[in-house]
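Listed below are the residues making up each chain.
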Amino acid sequence: MSAGDAMVVVGGGQCGARAVQVLREGGWEGAITLIADEAAQPYERPPLSKAVLLGERTPEQGAIHREAFYREQRVDLRSDCAASTIDCAAQTVTLANGETLPYHRLLIATGAEPRRMSVPGADLAGVHVLRNAGDALAIAGELGPGRRIAVIGAGFIGLEVAASARQRGCEVVVFEAAPRALMRAVPAEVAQRLVDLHRERGVDVRFDVQVRRFEGEGHVNGIVLGDGAVVPCDAVVVGVGVAPRVGLAQEAGLAIDNGIAVDPMLCTGDPHIYAAGDVCSFVHPLYGRRIRLECWRNAEDQARLAALNMLGHDEAYSAVPWFWSDQYDMTIQIAGLPAFGSTKAVRATGSASKVFFAFDEAGLLVGASGVGQTGEIARDVRVAQELIARRMRIEPERLADSATKLKSLLAAAVQ
Ligand SMILES: Cc1cc2nc3c(=O)[nH]c(=O)nc-3n(C[C@H](O)[C@H](O)[C@H](O)COP(=O)(O)OP(=O)(O)OC[C@H]3O[C@@H](n4cnc5c(N)ncnc54)[C@H](O)[C@@H]3O)c2cc1C
């Protein structure tokens, strides 16, 4: 294989698996190799904390492509095989098995890895993180009626795990170091709504709590808190955020800035190397600052754009972020980045559903967070995404007025 006809994608997650598809659909006739360090065929991660923990589906049922896809599309999927170095000058990737692959263009889509806790006992059996299928199956095996599950971190992963564990009949306690849940992701009102829901369902959610250490002989059986209190438990799930997997890129000399730093075309400082998904940071044109997103929609969108640009297109990334989370029978959908503004309007969209609109200091709509039933929030959040994309200047009162159809506001776009 010569560098001239080979596309190589490192990372067989959401982004990598979608990128190889778009490379082929986009007309690339030469070789495509997908290097994936997991043994299973690429799969969707969102079900891991929901349906997989609930025992309703297996990780394999979330496969991104049919098994025959890779053969039919002539994608050389190297499963259970890590890329260990990139030689930018030679345009080659070396694999853990010593094999060296040349590339014409390379996409790094290595995602992110869960942060671990550095307190004593963090390596005891029964202390879990959740990122891959193996993690989910291990946690699912801990769940059952009466089992005491401690969740560290009231972020999306922690709260989804808490919801699933509670639905499986566990006694669940959530410890959060911050004064409230989802500190950086959603307005306080949305976070409170979720916490109320968890408490109604019997989850013990505690804030401003430090974990001093985990206790147990070989297997965790308790958590010692900052005030010395000991909380017994049968298993722990640590959900304290993720860090982009930048090691490969960093060693290759690519610029790192809270992720692999890419330009609007998702290209790194090396014109032959692109990065996309959870691992990359980019300057978002709407927000004018460098951000990194950790969500499914972004991995999908960036996979498509990076693949097209690897094929010679020259398109800048500008999609408005969109994220969802399911907990119990409630859905949260977020368009834009509410954390870059403050809530100025609340719109009732159903009996118990609301959308919160965040504006920045200049009066521009920067984010919308819907919480409630999917059918009652999805449409308005979708329209909000469009309003954000158009940099709309809208009076908050109009958004709050449920008699005003949001779609009608689109007509009044101000650039
Ligand atoms: C439990 C869970 C639930 C989630 N729920 C939601 C949700 O409800 N809504 C939402 O919007 N988002 C959700 N997400 C986030 C979403 O799944 C991620 O944003 C998305 O998977 C990112 O895709 P990615 O391809 O960038 O990274 P990943 O999917 O993490 O894929 C990266 C892949 O690269 C592999 N890799 C790393 N280094 C190497 C190497 N050197 N060589 C070869 N392979 C390597 C990794 O093992 C991994 O398979 C969830 C994530 C998790 C973990």
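Worth saying up front: this structure is predicted, and the values here are computed from it rather than measured.

### Concerning the overall build of the chain
The helix and strand tally for the chain stands at 10 helices and 26 strands. For a compact globule of 415 residues, the expected C-alpha radius of gyration is about 22 Å, and the chain comes in at 22 Å, within 12% of that figure. Counting only C-alpha atoms and orienting by the principal axes, one finds that the chain spans roughly 65 × 60 × 35 Å. Residues classed as buried in the chain amount to 55% of the 415 residues present. The contacts in the chain between residues at least 6 apart in sequence include a share of 62% that link residues at least 24 apart.

### Some points on helix α8 (residues 374-389)
In an α-helix, one turn spans 3.6 residues, which is why side chains three or four residues apart end up on the same side. Between its terminal C-alpha atoms α8 stretches 22 Å, which fits the 22 Å expected from 16 residues at 1.5 Å a residue. Where α8 is concerned, the buried positions are Ile377, Ala378, Asp380, Val381, Val383, Ala384, Leu387 and Ile388. Looking one or two residues past α8, Arg391 carries a phi angle of roughly 50°, positive in sign.

### As for the environment of Leu305
Counting through the fold element by element, Leu305 comes out in helix α7 (residues 296-310). Each C-alpha atom, one on Leu305 and one on Leu248, is 22 Å from the other, the two residues being 57 residues apart in sequence. If near-sequence neighbours (up to four positions away) are discounted, Leu305 is found in contact with Pro264, Leu266, Glu315, Ala316 and Tyr317.

### Some remarks on the site of the ligand
For the ligand, the set of nearby residues contains 34 residues, the closest of which are Asp37, Glu38, Arg45, Lys50 and Arg131. Interatomic distance of 2.4 Å between a side-chain N/O atom of Asp37 and an oxygen atom of the ligand. Taking Trp324, its main chain carries an N or O atom lying 2.8 Å from a nitrogen atom of the ligand. Here the ligand has 1,000 Å² of accessible area as a free molecule, and 96% of this is covered by the chains. Of all the elements in the fold, those that place two or more residues in the shell around the ligand are α1 (14-25), α4 (156-167), α7 and β22 (322-327). Residues belonging to the shell around the ligand are distributed by class as follows: 17 nonpolar, 8 polar and 9 charged. Summarising the domain contributions, the shell around the ligand has at least three residues from each of domain 1 (3-113 + 242-310) and domain 2 (116-238).

### A few points about the side chain of Thr349
Looking at the element boundaries, Thr349 is found in the loop between β24 (342-348) and β25 (354-359). Thr349 has contacts with Lys354, Val355, Glu376, Ile377 and Asp380, leaving out every residue within four places of it along the chain.

### A closer look at the environment of Leu137
Mapped onto the elements of the fold, Leu137 is located in helix α3 (residues 133-140). What makes Leu137 partly exposed here is its relative accessible area of 47%. Distance in space between the C-alpha atoms of Leu137 and Thr58 is 8.5 Å, their sequence separation being 79 residues. Once you skip the residues sitting within four places of it in the chain, Leu137 turns out to touch Val52 and Pro59.

### Observations regarding the sheet that holds strand β15 (residues 230-232)
Read across the open sheet, the 3 strands follow the order β13-β14-β15; overall the sheet is antiparallel. With one partner strand each, in any of the chains shown, β13 (211-215) and β15 form the two edges of the open sheet. On average, each strand axis in the sheet is tilted by 20° relative to the strand beside it, whichever way the strands run.

### Section: the confidence of the model for the chain
With 98% of its residues at a pLDDT of at least 70, the chain reaches an overall mean of 96. Averaged over each element, pLDDT in the chain is lowest for helix α10 (residues 406-410) (89) and highest for strand β19 (residues 273-275) (99).

### A closer look at the UniProt feature "domain: FAD/NAD(P)-binding" (unreviewed entry) in the chain
The sites that UniProt annotates as "domain: FAD/NAD(P)-binding" (unreviewed entry) are residues 7-303. As annotated, residues 7-303 has a helix share of 21% and a strand share of 27%, and its two end C-alpha atoms lie 14 Å apart.

### Here we look at the packing of α1 against α7
Close contact between α1 and α7 brings their axes to 8 Å; oriented N to C, the two are set at 35°. Two packed elements cross with a definite hand, and for α1 against α7 that hand is right-handed. Here Gln14, Cys15, Arg18, Ala19, Val22 and Leu23 of α1 come into contact with α7, specifically with Trp296, Ala299, Glu300, Ala303, Arg304, Ala307, Leu308 and Met310. By residue class, the composition of the contact of α1 with α7 is 10 nonpolar, 1 polar and 3 charged.

### A look at the packing of aromatic side chains
The tally for this structure, following the rule as stated, stands at 6 aromatic pairs. Taking 4.5 Å as the distance between ring centres and 45° as the angle between the ring planes, the aromatic pair formed by Phe156 and Phe323 counts as tilted. Placement of Phe156 in helix α4 and of Phe323 in strand β22 is noted, with a sequence separation of 167 residues between them. We classify Phe156 as buried; its relative accessible area is 14%. Aromatic pair Trp322 and Trp324: ring centres 5.9 Å apart, planes at 25°, arrangement stacked. Members of the aromatic cluster, each reached through a chain of ring pairs, are Trp296, Trp322 and Trp324. A cation over an aromatic ring shows up here: Arg289 above the ring of Phe340, its NZ or CZ 3.6 Å from the ring centre.

Each value, and the rule that gives it
Residues numbered from 1 in each chain as written. Predicted model: local features only at pLDDT ≥ 70, side-chain atom pairs only at ≥ 80, totals over all residues. Heavy atoms only, no water. Helix = DSSP H or I, 4+ residues; strand = E, 2+ residues; numbered from the N terminus. Rg over C-alpha atoms; globule rule 2.2 N^0.38 Å. Buried < 20%, exposed > 50% of the residue type's maximum accessible area, 1.4 Å probe, protein only. Contact = heavy atoms within 4.5 Å. Expected span 1.5 Å × (residues − 1). Near = heavy atom within 4 Å. Polar contact = N/O pair within 3.5 Å; in protein donor to acceptor, adjacent residues only side chain to side chain. Areas by Shrake-Rupley, 256 points an atom, 1.4 Å probe, with all protein chains shown as cover. Nonpolar A, V, L, I, M, F, W, Y, C, P; charged D, E, K, R; others polar. Domains from an automatic or database assignment. Pairing = 2+ DSSP bridges. Axes fitted to C-alpha atoms, helices over the stretch in contact; angles between N-to-C directions. pLDDT = per-residue confidence, 0-100. UniProt positions renumbered as here; feature names shortened; annotations may be inferred. Left-handed = near helix turned anticlockwise from the far one by under 90°. Phe/Tyr/Trp six-rings, centres within 6.5 Å; stacked < 30°, edge-to-face > 60°. Lys NZ or Arg CZ within 6 Å of the ring centre and 35° of its normal.

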